[in-house]
Amino acid sequence: GLKKYTKKKKNKMVGNVFSNIASNYDLMNDLMSAGLHRLWKHRLVAKLHPFPGMKHLDVAGETGDVAFKILENVNSISYRALQHGLEDDLQGETEIYICDINPNVLSIGKKRAMERNANY
């Protein structure tokens, strides 16, 4: 049945759920959205039009999948610019920050950043 909890207790329970599934967070998103969340995130990044030198804050960034997609796009643009001798078009260093309320989910993103040799 339905139980009544205090706001503090509810917050703790929700936090525990996210902490417990942190290592399978992306899999859970795949299952619950039938993979549609990947298309949404791809569309989001396409609408952002990431560019070299961009400063980006990903709030509720979870495991960093949107941030990594942005970084891939920026790196692709940078690579193409270097191939065509357009180094002057690369304006400064791209900075992407991820924040999330759950440290366990963030730690998965941090691990992925280290695997990709991205600064964290």
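All of the points below concern the structure found in this document. (Residues numbered from 1 in each chain as written. Predicted model: local features only at pLDDT ≥ 70, side-chain atom pairs only at ≥ 80, totals over all residues. Heavy atoms only, no water.)

A few words now on the overall build of the chain. Check the secondary structure of the chain and you find five helices and two strands. Going residue by residue from the N terminus, the α and β elements of the chain occur as α-α-α-β-α-β-α. By the burial criterion, 28% of the 120 residues in the chain qualify as buried. Intrachain contacts of the chain at a sequence separation of at least 6 include 71% that bridge at least 24 residues. Total accessible area on the chain stands at roughly 9,000 Å², and carbon and sulfur atoms take up 57% of it. (Helix = DSSP H or I, 4+ residues; strand = E, 2+ residues; numbered from the N terminus. Buried < 20%, exposed > 50% of the residue type's maximum accessible area, 1.4 Å probe, protein only. Contact = heavy atoms within 4.5 Å. Areas by Shrake-Rupley, 256 points an atom, 1.4 Å probe, with all protein chains shown as cover.)

Grouped together as the largest cluster of nonpolar side chains are five residues: Val45, Met54, Val66, Ile70 and Val74. At three residues, helix H4 (residues 65-83) tops the list of elements feeding residues into this core. Setting aside chain neighbours within four positions, we find Ile70 in contact with Val45, Leu48, Pro50, Met54, His56 and Ile96. (Core = buried A, V, L, I, M, F, W, Y, C linked by side-chain atoms within 4.5 Å.)

In this structure the tally under the stated criterion is six salt bridges. A salt bridge links Glu62 to Lys41; the shortest N-O distance between them is 3.4 Å. Of the two residues, Glu62 is situated in the loop between strand S1 (55-59) and H4 and Lys41 in helix H3 (residues 36-48); the sequence distance between them amounts to 21 residues. Like Lys41, Glu62 is buried. By sharing partners, the salt bridges in this structure join Lys41, Glu62 and Asp65 into a single network. (Salt bridge = Lys/Arg side-chain N within 4 Å of Asp/Glu carboxyl O.)

Turning to the side chain of Thr63, a few remarks are in order. By secondary structure assignment, the location of Thr63 is in the loop between S1 and H4. The exposure class assigned to Thr63 is buried, which follows from its relative accessible area of 0%. Within the local environment of Thr63, its side chain forms a polar contact with the side chain of Asp26, the two groups lying 3.0 Å apart. If we skip the residues at most four places from it in the chain, Thr63 touches Tyr25, Asp26, Phe68, Val105, Ile108, Gly109 and Arg112. (Polar contact = N/O pair within 3.5 Å; in protein donor to acceptor, adjacent residues only side chain to side chain.)

Next up on the list: a nonpolar patch on the surface. A cluster of nonpolar side chains, namely Val14, Val17 and Phe18, defines an oily patch on the protein surface of about 240 Å² accessible area. Tracing the chain through its elements places Val14 in helix H1 (residues 7-21). When its relative accessible area of 47% is taken as the criterion, Val14 is described as partly exposed. (Patch = residues over 30% accessible without salt bridge, like charges linked within 9 Å, V, L, I, M, F, W, Y side chains within 5 Å.)

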